[in-house]
Amino acid sequence: MRFYVPEWDDAVDAGYDFEHDELSDLNRQERELNYIWDIFDKESTPIDGVLISREQVESTKRKEERITQYGVYDDPVLSVPEWLPTISDCGAWGYKSLPFPPYGNEDMLDFYETLDVSVGVTIDHLVLGSGKEKGRLYLDERAFGSEFSKSDIPSELSESVDLMIDEWPDEWPDYVEDYEASICSSRDVDQFTATDFEGDIESVLNRLADDYRAVYRTDDKQFRYNLTLENAAEMRELYQAGAYPFRLMVAIQGWNVDSYVSAAEEVLDIGYNYLGIGGVAGSPVHEVRKIVKEVGKTVKDYERTHQTRIDSHVFGFAKSDAFDSIGRSGMASFDSASMLRSAWTGGRNYRVDGDERYDAIRVQYPKHGAKVADAVETALRGRETLVALRAYANEESIADSLREWKVEATKTLTETITYVRNHRHEEKFNSARLRDIESAFRSDFEYARQLKAYFSDDLRGQLIKHLRSDDKNDSLPFETYIDLLGTARAELKRYPRMVEILEREEAKPDGMDAFERLWFVIQDYAIWIGNDDLLEAYQETLSKKPWDECDCPICTEHGIEVCIFRGNDRNRRRGFHNTAKFYDEFSDALPKTLVLTNGSATFSNHETVEEYLASEQTEFWQQVHDLPVAEIGAFDANGIHEWWAPPPSTVSFAPDRIAAHLNERLGRYDVLYLYKPGKHLSETLDTLRDDVECNIHTFEEPTTLRETVLSNLGTNYSVGSDFAPHKPVFDADQELDILVIDQCSGSKYVPDGERVFEADEIDQTSKADLLSRENVIGVKANELYTGRQQESISNAVRQLRADGHSVKRYFVSAGFGLVEEAERLPPYEVTFSGMSVGEIRDRSEKLKIKTDLNCVLDQTDYDIVFFTLGDDYYNSIDIDSAVQRIRPDRIGVVFNQDLVGEQYDNIVSVSARTKDAKRHETIVIGLKGLYLENFAQNLRETTELDPDVISLLCRYLEEDSKQAAIEKF
């Protein structure tokens with residue numbers, strides 16, 4: 001798979017001065033800007049392409065003119081490297097509040113050609129759901145003013161319809177006239193008045209239905225869906241007729257799994273070979289899994305029926321816990337900026353991997369427009385903290401560093417007074433623009449950067465204003481400068497504030513260690529700015545020093561600066577780091593895989609590489625065309641040609657040129673599978689192995705190649721020839737390996753007089769120490785828990801074992817974590833009941849419940865895993881993560897976890913609610929145990945097991961016709 005990052009002006013100042021928080025040039029146009037591809041080298045760049053939306057290109061007139069003049073690869077600012085593919089779309093999220101996309105199909109095709117992108121995307125319109133009872137009403141924002149504002153819209157109307165208010169374009173594309181001619185004529189926009197919204201709801205809607213400032217639809221969801229598909233059909237016709245140089249991807253929209261599948265089927269029949277799933281950005285991961293899984297199945301069915309290949313893309317979605325679902329569904333690419341944005345949105349903003357994240361230390365700038373005295377105090381407080389952080393990171397004395405800073409800060413004020421006295425009337429300060437004066441001051445005055453860094457941009461800015469207004473013929477009183485700098489000098493007298501304490505501690509043999517001395521400073525600062533709620537997170541960050549363990553070029557060069565939350569040039573670099581760490585996880589989970597064969601002398605006789613492979617290397621194409629890998633293609637001395645591309649016009653097999661192309665390309669791949677390389681190419685490959693880190697495998701048989709690819713991708717892919725998600729089926733007559741994850745119960749067996757331990761004592765003492773105490777009894781877990789559910793499960797386990805099945809049973813204990821059924825426990829009274837989700841997860845982490853359960857699930861490939869838990873206990877094990885560890889050819893059973901069950905074909909969620917309990921003449925608390933008893937009893941009369949059959953066996957009632965039920969199996 002390829003990972004694309006959206007282009008949202010995510011660049012940093014290449015020459016940023018971290019020491020003084022100073023930009024390399026005050027004029028952004030003059031700065032050297034670094035994008036993520038400028039900081040990493042080609043082999044380590046943590047993206048595979050760039051997504052460029054028209055909405056972003058047109059965000060400013062300057063940017064639009066520049067990129068449309070040069071194209072994305074030659075643009076002097078963006079300068080995307082030639083080896084990075086680019087996708088461009090229209091940016092549907094940007095116009096989601098408009099009644100129509102503001103672009104036409106031919107216009108978008110011309111736009112893609114102008115930008116010189118690799119892939120262009122059809123125009124989609126984001127499906128926003130069904131709206132309110134009366135549908136959706138679009139209003140032109142330009143029609144609101146002082147006479148009638150948006151807040152004047154009657155509440156009855158806004159409660160009845162879904163209002164979408166946005167500024168409409170001056171001119172709509174031609175196609176809009178076919179749907180809503182009334183809004184297409186060019187005219188000045190009259191203002192709405194109260195009269196336009198008077199009367200009952202129906203009257204208002206009828207009136208606005210013909211108003212050029214409004215569009216009303218009763219089923220806007222279906223309209224958007226249909227319009228997206230109509231655009232797809234028209235755009236393909238125009239694309240085919242126009243011979244455009246880029247590849248065309250079709251975007252589909254939907255509101256549920258069925259609508260997405262229907263859309264996929266329609267666009268595949270049109271003839272598209274690159275399909276993009278839109279509208280899922282921001283959706284819960286379980287919803288995306290369901291949609292991607294079913295669309296992926298649809299694509300695989302089409303590929304296998306038509307012996308072709310279809311690439312698929314997921315727009316705006318990248319979650320590490322969905323890698324397997326996306327990979328096995330055959331997606332070719334996806335895009336997301338979430339890892340980048342996570343660096344400055346919310347907590348845990350420094351990423352190591354999906355589970356290990358840290359909080360960057362927040363050091364604030366003065367608030368914009370603050371009084372100079374307040375700005376100086378904030379700047380000095382922040383600078384004191386920064387000096388301490390850097391000293392700690394460099395293993396230097398914090399006290400000494402603070403004293404050195406005080407000396408330099410004092411000298412800065414003295415030197416500033418001297419400089420102003422000698423230079424204030426010079427011509428370079430005679431300019432109307434403050435930026436020009438500030439640039440001159442920065443260039444000419446040695447301590448200009450320190451002045452801003454130590455005493456705030458506000459103070460330096462005020463000094464610059466004084467210099468501009470200070471005329472030689474009408475001179476400002478020099479006291480004006482003295483007073484301004486006196487404010488800084490008076491505040492500086494209080495600094496450094498804690499150095500005596502730190503020095504005393506450094507001098508003591510048993511005094512505070514380096515971290516404790518830093519912590520003294522950090523606590524003081526965090527409390528002062530109101531971030532004391534982050535202190536626990538800061539403690540973890542600073543004690544672990546994660547920046548020291550990272551080998552990415554950003555952390556290697558800038559160290560602790562990347563873990564400081566302060567301004568774009570730190571935060572965005574941390575975003576690049578986060579993206580690199582995400583990419584490492586992505587590459588580990590889904591190694592970038594290339595499948596190749598060499599071309600032949602007839603290579604150029606075909607219109608596409610696919611046509612060549614299907615007709616002249618038929619057996620190879622049959623075995624590889626549907627593989628879930630990044631790329632499939634053929635090569636010659638002209639380079640590597642992907643399956644969808646045209647072959648070269650002339651064919652050459654010069655070994656040195658082949659080697660050069662492979663050397664250049666394979667640095668971005670983890671694995672190459674090569675079919676029939678031949679003697680000369682094998683010799684060439686021998687010279688490559690030392691030059692590239694790509695693992696190269698060669699094959700003479702295409703079936704062996706396929707089997708090896710799927711096997712190397714992991715157990716989830718090597719389940720038969722159809723690696724896509726599907727329901728596993730077992731022979732019920734065989735011996736089954738069954739795992740039951742049960743939970744502790746409130747009802748426990750405790751002999752009279754025995755001591756019962758509470759949470760406080762359990763948390764302070766190990767289980768072994770508790771059991772070693774005199775007069776403390778140890779009771780086996782399966783005997784300790786005497787709840788109705790637990791007793792029924794015990795009966796089921798005995799029955800299954802008697803029938804020859806292997807059963808392992810564990811309990812999730814709120815007191816002792818994950819325990820085996822024969823493990824002895826002291827009587828105790830601890831429960832997850834009444835805890836918040838956060839408290840449950842914290843306690844679970846402390847007890848290592850999730851870690852221990854993962855080990856159990858990984859130890860043996862159990863045929864069936866039952867999770868007989870309540871909601872609190874599902875939270876304690878992170879059920880969504882747990883079921884992903886069950887191989888797709890094995891079955892997991894959960895209860896009342898519909899969202900979990902819907903995402904995976906091998907997981908079934910069995911309803912165990914009050915209505916089900918009544919049907920079985922029991923109570924909810926014992927229903928899951930009764931279900932397992934039913935399963936154990938009915939299993940002997942079943943010949944074949946799949947997830948749905950297990951659900952039927954659990955819910956079977958004696959008064960039902962057993963024979964009829966069994967026949968359903």
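Here, the structure is the one placed above.
The following refers to the structure shown. Nothing here was measured: the structure is a model prediction, and the numbers come from that model.

### Let's talk about the state of the cysteines
Argument step 1. Under the defined criterion, the tally for this structure stands at zero disulfides.
Argument step 2. As a non-bridged cysteine, Cys-550 has Cys-552 as the owner of its nearest cysteine sulfur, 3.5 Å distant.
Argument step 3. Taking relative accessible area as the criterion, Cys-550 reaches 10% and is therefore assigned buried.

### Section: the environment of Gly-316
Argument step 1. Within the secondary structure, Gly-316 is located in the loop between strand 12 (311-314) and helix 10 (323-328).
Argument step 2. Expressed as a C-alpha distance, the spacing of Gly-316 and Gln-523, which sit 207 residues apart in the sequence, is 38 Å.
Argument step 3. Excluding anything up to four places from it in sequence, Gly-316 contacts Ala-281, Gly-282, Asp-335 and Ser-336.

### Description of empty space enclosed by the protein
Argument step 1. Tallying each qualifying case throughout the model produces four cavities of 30 Å³ or more.
Argument step 2. In this structure, the largest cavity occupies an estimated 80 Å³ of space.
Argument step 3. Residue lining of the largest cavity: 13 residues in total, with Val-5, Pro-6, Asp-10, Ile-36 and Trp-37 positioned closest to the centre.
Argument step 4. Elements that contribute at least two residues to the lining of the largest cavity include exactly strand 1 (2-6), helix 1 (36-39) and helix 23 (568-589).
Argument step 5. Along the lines of polarity and charge, the residues of the lining of the largest cavity split into nine nonpolar, one polar and three charged.

### Topic: the environment of Val-865
Argument step 1. Mapped onto the secondary structure, Val-865 falls in strand 29 (residues 864-867).
Argument step 2. Between the C-alpha atom of Val-865 and that of Lys-808, which follows or precedes it by 57 residues, the distance is 9.5 Å.

### Details of the sheet that holds strand 9 (residues 214-217)
Argument step 1. Read from one edge to the other, the open sheet built from three strands follows the order 8-7-9, with strand pairing classed as mixed. The sheet terminates laterally at strand 8 (162-166) and strand 9, the two strands that pair on one side only. Between one strand and the next, the sheet's axes are offset by a mean angle of 15°, whatever the strand orientation.
Argument step 2. The sheet strands contacting helix 7 (residues 220-242) are strand 7 (136-140) and strand 9, and the helix crosses strand 7 at an angle near 75°.

How each quantity is defined
Just so you know, the residues in each chain are numbered from 1, in the order the chain's sequence is written. In keeping with the predicted nature of the model, local features appear solely for residues at pLDDT of at least 70, side-chain atom pairs appear and are counted solely at 80 or more, and the whole-chain, interface and lining totals rest on all residues. Here the side-chain values reflect all heavy atoms present in the structure, with hydrogen atoms and water set aside. We call a pair of cysteine sulfur atoms a disulfide whenever their separation is within 2.5 Å. Per-residue accessibility, obtained with a 1.4 Å probe over protein chains only, is compared with the maximum for each type, and a residue is labelled buried under 20%, exposed over 50%, and partly exposed between these values. Helix and strand definitions here come from DSSP, where helices need a minimum of 4 consecutive H or I residues and strands a minimum of 2 consecutive E residues; each element is numbered from the N-terminal end. Should any heavy atoms of two residues lie within 4.5 Å, those residues are counted as being in contact. Points on a 1 Å grid, built from protein atoms alone, make a cavity when a 1.4 Å probe fits but cannot get out and make a pocket when they are open with protein on both sides within 12 Å along at least 5 of 7 lines; residues with an atom within 4 Å of a point are the lining residues. Grid points are joined across faces, edges and corners, and a volume is the space filled by probe spheres set on the points. Note on residue categories: nonpolar means Ala, Val, Leu, Ile, Met, Phe, Trp, Tyr, Cys or Pro, charged means Asp, Glu, Lys or Arg, and polar means any other residue, Gly included. At least two DSSP bridges between two strands are required for those strands to pair. Every axis corresponds to a line fitted to the C-alpha atoms, with the helix fit spanning only the stretch in contact, and the corresponding angles, defined between N-to-C directions, vary from 0 to 180 degrees.

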